[in-house]
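# Residue-level structure breakdown
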Amino acid sequence: MLVETTCRLKVTAKEREEGIQDLREQIRGHDELYYRHSTPEISDREYDRLKNRLAELEKNQSQLDLFGESLTDASTQTSEDLSPSQTIGDDRLDAFESYRHIVPMLSLDNTYAKEEFLQFDQRLRKLFDLESLSYVVEPKIDGVAISLTYEKGVLVRAVTRGNGVEGDVVTQNILHIKALPERIKGSFAIPELIEIRGEVFMAHQEFLRINKDREAAEENLYANPRNLAAGTVKLLDPKEARNRDLGIVLYGLGACKPKDLFTRQSDFHDAILDWNLPTVENRWLVESAEDAWAAIEKLDLLRHKYEYPTDGAVIKLDSLAMQVEAGATAKAPRWAIAYKFETEQQETILEDIQTQVGRTGTVTPVAHLKPVVVAGSTVARATLHNADELARKDLRIGDTIVVEKAGEIIPQVVKTILEKRPSDAVPYSFPTKCPECDTELLRAEGEAAWRCPSRDCPAQIRGRIQYYASRNCMDIENLGEAVIQQLVDRELVRDVADLYDLGRDDFLQLEGFAEKSADNLLEALEVSKKQELWRLVCGLGIKHVGATAAKDLAREIGSLEALSKASEADLTAIDGVGDIMADSIRAYFADDSNSNRIPRFQEQGLNLECTLSPQMGTLG
Ligand code: IVH
């Protein structure tokens with residue numbers, strides 16, 4: 001009997017140890033994706049759950065056991081050996097110079113439960129032996145943590161959180177932020193040195209604009225504004241960063257000389273406002289946990305109107321002296337807590353998975369859903385990104401799935417509910433051949449996307465022409481999807497230049513066309529010949545060249561002919577054009593089928609010159 005009990009206990013302990021190791025591995029993987037690559041694969045909520053589960057399992061372990069696998073020699077342990085429950089992630093990349101923060105940048109303890117927030121207040125009241133405490137309640141911005149150092153009022157450095165102790169210097173990319181003054185002025189005393197902490201974010205509108213541009217240039221889309229902000233802060237080419245509008249919100253104090261300039265978090269807020277630095281538009285100074293809770297509820301109603309994404313409230317002790325007394329763990333202060341709002345999720349049925357072939361041949365799986373209202377609008381489709389993502393989530397047609405809006409904008413399939421899976425649901429197998437032209441699909445090494453390699457694929461031909469005619473490019477009226485489909489099906493058009501050889505009779509063959517509609521379309525094509533050069537450059541669909549880059553190129557290079565002959569050096573000399581884009585432009589024109597189009601366009605009478613000189617500024 002005794003032997004049996006011991007055995008069972010032994011197995012349980014081993015299982016627990018394995019569970020801990022497994023969770024640590026998973027969390028380290030997610031940390032790497034989130035902090036270094038800005039491409040998380042799970043929602044913040046799921047991540048928080050994994051971390052909570054790990055903390056629960058580790059509760060009874062000794063301090064030493066919190067070092068990961070290398071239990072043998074404690075003297076050689078580094079933060080990389082620590083359990084991820086004891087660290088705050090690390091965003092540092094080799095390509096950047098590192099800088100050691102004067103005051104470390106910690107994380108925050110998170111909770112989703114009011115009860116836990118009240119316990120936080122109770123612990124502090126007990127510590128200070130007070131009936132109630134003053135707090136500041138602020139929005140929790142879902143962006144990228146940043147530390148700005150101002151010396152004698154001048155911005156000298158912007159550094160990411162890194163591992164909390166040391167971060168990456170990203171000053172060049174931060175200087176582009178329009179709302180951020182490089183010099184602080186105001187009636188409040190300017191300190192000798194101050195580290196001001198905040199969050200860099202991307203506004204919803206800008207996020208949508210950039211993703212639209214990327215979609216048009218057939219580049220991978222960012223799943224939410226936070227990932228795009230993080231990717232932009234870490235762009236190696238500051239010229240590229242200039243083409244993306246970032247915002248910044250400042251809320252926190254790091255080092256300060258002289259030390260006693262501020263006595264309260266609320267004083268610090270007042271100084272930020274006085275110095276004209278961008279900060280949160282609402283913050284509540286309250287006298288008790290009850291009032292803090294009321295402020296959190298108010299914030300939840302207001303936050304959707306903010307320019308930046310928010311995912312909760314941060315509640316901080318107002319008195320800085322009390323903050324010091326409360327202290328911090330290795331990871332987070334004891335004087336602050338984040339209360340996170342739940343992201344609205346809904347269940348629905350995955351009715352179908354269809355694949356779409358883009359104009360460069362990328363095959364994207366799309367989930368067709370039983371329509372469901374999520375955060376105020378009906379969702380019937382959601383991109384599944386690529387085959388790997390589909391396989392990782394093991395989504396099957398007929399599954400009941402959970403959807404949410406990433407960054408409150410883009411519908412996303414979070415997971416499938418296995419308990420509700422129909423018994424006859426079969427694993428989805430990604431097509432091996434192009435759904436449009438049956439060509440064997442290819443996948444380049446290291447790429448997530450499958451592509452149809454055939455330039456003759458009708459879906460790609462249609463895609464190229466649709467893109468050329470779209471509002472963002474040549475803006476050809478009445479040349480919509482249905483007309484293009486017919487023109488391509490009847491083999492009247494294979495290339496964008498073929499459009500200008502079409503005659504009245506060609507249009508009259510098409511369904512729904514009469515003399516008037518044929519003439520209107522011919523007129524629209526004629527009008528398009530006079531479009532500005534950047535629209536044509538954009539419409540060619542050169543990889544990585546969206547509308548913004550097309551404007552820069554047209555303005556600086558001056559003609560299509562010159563663009564086709566521009567050297568790497570000519571191209572990279574332009575603000576906003578990096579090596580990758582320059583290579584892509586040169587590869588495009590090295591292909592005869594592209595360069596041969598230029599004399600054809602000339603003969604057809606298209607405008608191939610830019611009428612504005614480089615000094616005259618941005619084209620409309
Ligand atoms: S105060 C000592 N206030 O959330 C830590 N952080 O999840 C002080 N964050 O690392 C942080 N909004 O990057 C603070 N109003 C706010 C915040 C905020 C967003 C970020 C910050 C922090 C992370 C923790």
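See the structure above.
Before going into details, it helps to say that this report is about the structure given with it. Along each chain, numbering runs from 1 in the same order as the chain's sequence is written. For this predicted model, a pLDDT threshold of at least 70 governs which residues receive local features, and a threshold of 80 or more governs which side-chain atom pairs are given and counted, while totals over whole chains, interfaces and linings are taken from all residues. Only hydrogens and water are set aside; all other atoms, that is, all heavy atoms of the structure, feed into the side-chain values.

Helix and strand content of the protein chain: 22 helices and 17 strands. Counting only C-alpha atoms and orienting by the principal axes, one finds that the protein chain spans roughly 90 × 75 × 50 Å. When accessible area is computed with a 1.4 Å probe and restricted to protein chains, residues below 20% of their type maximum are described as buried, those above 50% as exposed, and intermediate ones as partly exposed. Considering the protein chain as a whole, with its 620 residues, one finds that 49% of them fall into the buried category. Of all intrachain contacts in the protein chain linking residues separated by at least 6 positions in sequence, the fraction that spans at least 24 positions is 68%. In this tally Asp and Glu are treated as negative and Lys and Arg as positive; neither His nor the chain ends contributes. A single reference atom marks each charge: NZ on Lys, CZ on Arg, CG on Asp, CD on Glu. Computing the positive centroid from 76 side-chain charges and the negative centroid from 107, the protein chain places the two 2 Å apart. In this text, helices come from DSSP runs of H or I with a minimum length of four residues, and strands from runs of E with a minimum of two, each type numbered from the N-terminal end. Here a residue-residue contact requires only that any non-hydrogen atoms of the pair lie within 4.5 Å.

Glancing now at the sheet that holds strand 10 (residues 310-317). Two strands qualify as a pair provided that DSSP identifies no fewer than 2 bridges between them. If you walk across this open sheet you meet the five strands as 2-11-10-3-9, and the pairing is mixed. The open sheet is flanked by strand 2 (110-111) and strand 9 (284-286), the only strands paired with a single partner. Relative to strand 11 (residues 336-340), strand 2 runs parallel, the two sharing two bridges. Among the inter-strand pairings, Thr111 is bridged to a residue of strand 11, identified as Tyr339. With axes taken as lines fitted to C-alpha atoms, and helix axes fitted only over the stretch in contact, angles between N-to-C directions fall between 0 and 180 degrees. The strands that helix 3 (residues 114-128) touches are strand 2, strand 3 (135-141), strand 10 and strand 11; relative to strand 11, the one it contacts most, it runs at about 170 degrees. Helix 9 (residues 289-302) contacts strand 3, strand 9, strand 10 and strand 11 of the sheet and is inclined by roughly 165 degrees relative to strand 9.

Okay, helix 2 (residues 44-58) next. Given a helix with a known number of residues, its expected span is that number minus one, times 1.5 Å. Compared with an ideal rise of 1.5 Å per residue, which puts 15 residues at 21 Å, helix 2 spans 21 Å between its outermost C-alpha atoms and is within 8% of the ideal. Within the span of helix 2, buried status applies to Tyr47, Asp48, Leu50, Lys51, Leu54 and Glu58. Taken down its axis, helix 2 places every buried residue within 160 degrees of arc, on the same side. What the arc measures is the spread of directions leading from the helix axis to the C-beta atoms.

Here we come to unusual backbone geometry. Here the bond from Lys257 into Pro258 is cis, since omega is 0 degrees, no more than 30 degrees from zero. Looking at where Pro258 falls in the secondary structure, it is placed in the loop between strand 8 (247-257) and helix 8 (265-274). In the Ramachandran plot, Asn478 falls in the positive-phi region, its phi being about 70 degrees despite a non-glycine side chain.

To qualify as a nonpolar core, a set must consist of buried Ala, Val, Leu, Ile, Met, Phe, Trp, Tyr and Cys residues joined through side-chain atoms within 4.5 Å. In terms of nonpolar packing, the biggest core is built from 57 residues, with Tyr468, Leu499, Leu560 and Phe601 touching the most fellow members. The biggest single contributor to this core is helix 17 (residues 547-557), with six residues. Counting 34 residues, the second-largest nonpolar core is a separate cluster that includes Leu155, Ala158, Leu246 and Leu320.

The term salt bridge refers to a side-chain nitrogen of Lys or Arg lying within 4 Å of a carboxyl oxygen of Asp or Glu. The tally for this structure, following the rule as stated, stands at 42 salt bridges. Asp399 is the partner of Arg421 in a salt bridge, and the nearest nitrogen-oxygen pair spans 2.8 Å. Of the two residues, Arg421 is situated in the loop between strand 16 (410-416) and strand 17 (450-451) and Asp399 in the loop between helix 11 (387-393) and strand 15 (400-406); the sequence distance between them amounts to 22 residues. Both residues of the pair, Arg421 and Asp399, count as buried. If you follow the salt bridges from partner to partner, you end up with Glu32, Arg36, Asp90, Arg92 and Glu166 in one network.

Quick look at the site of the ligand now. Working definition: residue near molecule or strand if any one of its non-hydrogen atoms lies within 4 Å of it. The environment of the ligand is formed by 14 residues, the closest being Glu138, Pro139, Arg161, Glu199 and Lys316. Definition of a polar contact: a pair of N or O atoms within 3.5 Å, with one able to donate and the other able to accept a hydrogen when the atoms are protein atoms, and with sequence-neighbouring residues admitted only if both atoms are side-chain atoms. Within the backbone of Ile141, one N or O atom sits 3.0 Å away from a nitrogen atom of the ligand. Within the side chain of Glu199, an N or O atom sits 2.9 Å from an oxygen atom of the ligand. Protein coverage of the free-state accessible area of the ligand, which is 530 Å², stands at 87%. Residue assignment for the shell around the ligand shows that the elements contributing at least two residues are strand 3 and strand 10. Among the elements that line the shell around the ligand, the one with the most residues is strand 3, at four residues. Working definition of accessibility: Shrake-Rupley area with a 1.4 Å probe, residue cover restricted to the visible protein chains.

Alignment of strand 13 (residues 362-374) against strand 14 (residues 377-383), held across six bridges, turns out to be antiparallel. Across the sheet, the residue bridging to Val366 is Thr383, located in strand 14. Counting the residues that bridge the hairpin from strand 13 to strand 14 gives two residues, and of these Ala375 lies at a positive phi of roughly 40 degrees.

In this section: the sheet that holds strand 7 (residues 193-201). Across the sheet, four strands lie side by side as 5-4-7-8; this open sheet has antiparallel pairing. The open sheet has two edge strands, strand 5 (154-160) and strand 8, and neither has a second partner. When the angles between neighbouring strand axes are averaged without regard to direction, this sheet yields 25 degrees. Pairing geometry for strand 4 (residues 144-151) and strand 5, over six bridges, is antiparallel. Each bridged residue has a counterpart across the sheet, and for Tyr150 the counterpart in strand 5 is Leu155. The sheet strands contacting helix 8 are strand 7 and strand 8, and the helix crosses strand 8 at an angle near 120 degrees.

Among the secondary structure elements, Thr400 is positioned in strand 15. What Thr400 contacts, discounting residues up to four positions off in sequence, is Glu347, Thr348, Ile349, Thr416, Ile417 and Lys420.

Let us now look at the packing of helix 3 against helix 9. Viewed as axis vectors pointing N to C, helix 3 and helix 9 meet at an angle of 140 degrees, and their least axial separation amounts to 10 Å. Helix 9 is crossed by helix 3, and the crossing has right-handed handedness. Between helix 3, through Lys114, Phe117, Leu118 and Asp121, and helix 9, the contact on the second element is made entirely by Ala289, Ala292 and Trp293. Polar here means any residue other than Ala, Val, Leu, Ile, Met, Phe, Trp, Tyr, Cys and Pro, which are nonpolar, and Asp, Glu, Lys and Arg, which are charged; Gly is therefore polar. Of the residues that constitute the contact of helix 3 with helix 9, the class distribution is five nonpolar, no polar and two charged. Crossing chirality is assigned from the near helix's rotation relative to the far helix, an anticlockwise turn below a right angle marking it left-handed and a clockwise turn marking it right-handed.

Where strand 15 meets strand 16, six bridges bridge the pair, whose relative direction is antiparallel. Following the sheet pairing, Glu404 is matched in strand 16 by Gln412. Between strand 15 and strand 16, which follow one another and run antiparallel, lie three residues, and Gly407 among them has a positive phi close to 55 degrees.

By the element assignment, Asp352 lies in strand 12 (residues 345-357). With a relative accessible area of 26%, Asp352 lands in the partly exposed category. Sequence separation of Asp352 and Val154 is 198 residues, and the distance between their C-alpha atoms is 56 Å. Not counting the four nearest positions on each side in its chain, Asp352 is found in contact with Val366, Ala367, His368 and Ile397. For Asp352, the side chain forms a polar contact with the side chain of Gln354, separated by 3.0 Å.

This paragraph deals with the packing of helix 12 (residues 458-469) against helix 13 (residues 481-489). In contact at an axis separation of 10 Å, helix 12 and helix 13 are set at 135 degrees when each is read in the N-to-C sense. Comparing the axis directions of helix 12 and helix 13 gives the class oblique. The chirality of how helix 12 crosses helix 13 is right-handed. Here Pro458, Ile461, Arg462, Ile465 and Gln466 of helix 12 come into contact with helix 13, specifically with Glu481, Ile484, Gln485 and Val488. Considering only residue class, the contact of helix 12 with helix 13 consists of five nonpolar, two polar and two charged. Here roughly perpendicular refers to angles of 65 to 115 degrees, roughly parallel to angles under 35, roughly antiparallel to angles over 145, and oblique to all remaining angles.

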